[in-house]
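Here is what each chain is made of, one letter per residue.
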Amino acid sequence: MALIPIVYYSHHPTLHKVAQPITHFDEALLTLIQDMYETMYAADGCGLAAPQIGIAKRIAVIDISDKKNKPFCIINPEIIEKTGMELMSAGCLSVPGTYTTGPRATYVKVRAQDETGKVFELAATGLLSHCLQHEIDHLLGKLNIDYLSPLKKQISLKKMEKFLRRNEKD
Ligand code: NI
């Protein structure tokens, strides 16, 4: 198992591209999933998508449990139903030091594959719904700050750069 460095908004092209489907459900994929769990927990996140570690593949890991002991992965996920709309404030490991508010569906149903390639469906509201939408956006090259107006986006990016500079000095 290994920690993989997380890349930041506008610092890495993969974050801003549409990711490619996973076609091989093999040992290498299981290793990647384990590394993604470890990287997500080390960063204290509740979700991590492969583009955030510089890998342009359609896979994300999620754990919204309080004890951080219920991880699961979504591979080649698609939103097949969504209803409602609410404004949600959220952070992103690729835009550290800033929270942004954007529109999210209240309810989503997602179809995805698990680590063995088996197809499953997951219906969600609340935090899980928002998290699924956030991670699936990552696989489309879209981040939460992309929902902001150009001016608010600039402000958020300045906050992020300031946060990164401060952390480099420590
Ligand atoms: Ni994110």
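Structure: see above.
Residues numbered from 1 in each chain as written. Predicted model: local features only at pLDDT ≥ 70, side-chain atom pairs only at ≥ 80, totals over all residues. Heavy atoms only, no water.

1. Points about the coordination of the nickel ion
In a perfect tetrahedron of four donors around a metal, the angles come out at 109.5 degrees. In a perfect octahedron of six, they are 90 or 180 degrees. The protein atoms that coordinate the nickel ion are C92 (SG), H134 (NE2) and H138 (NE2), at distances spanning 2.0 to 2.2 Å. Mapping the donors of the nickel ion onto the primary sequence yields the spacing C-x41-H-x3-H. Of the two residues, C92 sits in the loop between β4 (86-90) and β5 (100-104) while H134 sits in helix α2 (residues 126-139), which places them 42 residues apart along the sequence. On the basis of relative accessibility, which here comes to 8%, the residue C92 falls in the buried class. On the basis of relative accessible area, H134 is assigned to the buried category, the value being 9%. (Donors = N, O, S within 2.8 Å, 3.2 Å for Na, K, Ca; no water. Helix = DSSP H or I, 4+ residues; strand = E, 2+ residues; numbered from the N terminus. Buried < 20%, exposed > 50% of the residue type's maximum accessible area, 1.4 Å probe, protein only.)

2. As for the packing of aromatic side chains
Tallying each qualifying case throughout the model produces zero aromatic pairs. Sitting over the ring of Y147, K142 keeps its end group 4.0 Å from the ring centre. (Phe/Tyr/Trp six-rings, centres within 6.5 Å; stacked < 30°, edge-to-face > 60°. Lys NZ or Arg CZ within 6 Å of the ring centre and 35° of its normal.)

3. Re the sheet that holds strand β1 (residues 47-49)
Pairing between sheet strands relies on hydrogen bonds along the backbone, with the strands arranged either parallel or antiparallel. The strand order across the open sheet built from five strands is β1-β2-β3-β6-β7, with neighbouring strands paired in antiparallel fashion. Each edge of the open sheet carries a strand with a single partner, namely β1 and β7 (119-125). Along the sheet, successive strands turn relative to each other by an average axial angle of 40°, direction set aside. Alignment of β1 against strand β2 (residues 59-62), held across three bridges, turns out to be antiparallel. For A49, the partnering residue across the bridge sits in β2 and is A60. (Pairing = 2+ DSSP bridges. Axes fitted to C-alpha atoms, helices over the stretch in contact; angles between N-to-C directions.)

4. Comments concerning the environment of A90
Within the secondary structure layout, A90 lies in strand β4. The exposure class of A90 is partly exposed, given its relative accessible area of 23%. Distance from A90 to M160, taken between C-alpha atoms, is 14 Å for residues 70 residues apart in sequence. Residues within four places of A90 in sequence aside, it is in contact with Y99, T100 and N144. (Contact = heavy atoms within 4.5 Å.)

5. Quick notes on the pattern of salt bridges
Pairing between side chains becomes possible if they bear opposite charge and their charged atoms approach one another. Under the defined criterion, the tally for this structure stands at six salt bridges. R104 is the partner of D137 in a salt bridge, and the nearest nitrogen-oxygen pair spans 2.9 Å. Here D137 is found in helix α2, whereas its partner R104 is found in strand β5, with 33 residues between them in sequence. Each of the two residues, D137 as well as R104, counts as buried. Of the charged contacts, one joins R111 and E121 as a salt bridge, the two residues approaching to 2.8 Å between their closest N and O atoms. One end of the pair, R111, is in strand β6 (residues 107-113); the other, E121, is in strand β7, and ten residues separate them in sequence. (Salt bridge = Lys/Arg side-chain N within 4 Å of Asp/Glu carboxyl O.)

6. Side note on the side chain of R58
Note that R58 resides in the loop between β1 and β2. The class for R58 is buried, based on a relative accessible area of 8%. A distance of 2.3 Å separates a polar atom in the side chain of R58 from the backbone oxygen of P77. If we skip the residues at most four places from it in the chain, R58 touches A19, Q20, P21, I22, I74, I75, N76, P77, E78, L139 and L140. (Polar contact = N/O pair within 3.5 Å; in protein donor to acceptor, adjacent residues only side chain to side chain.)

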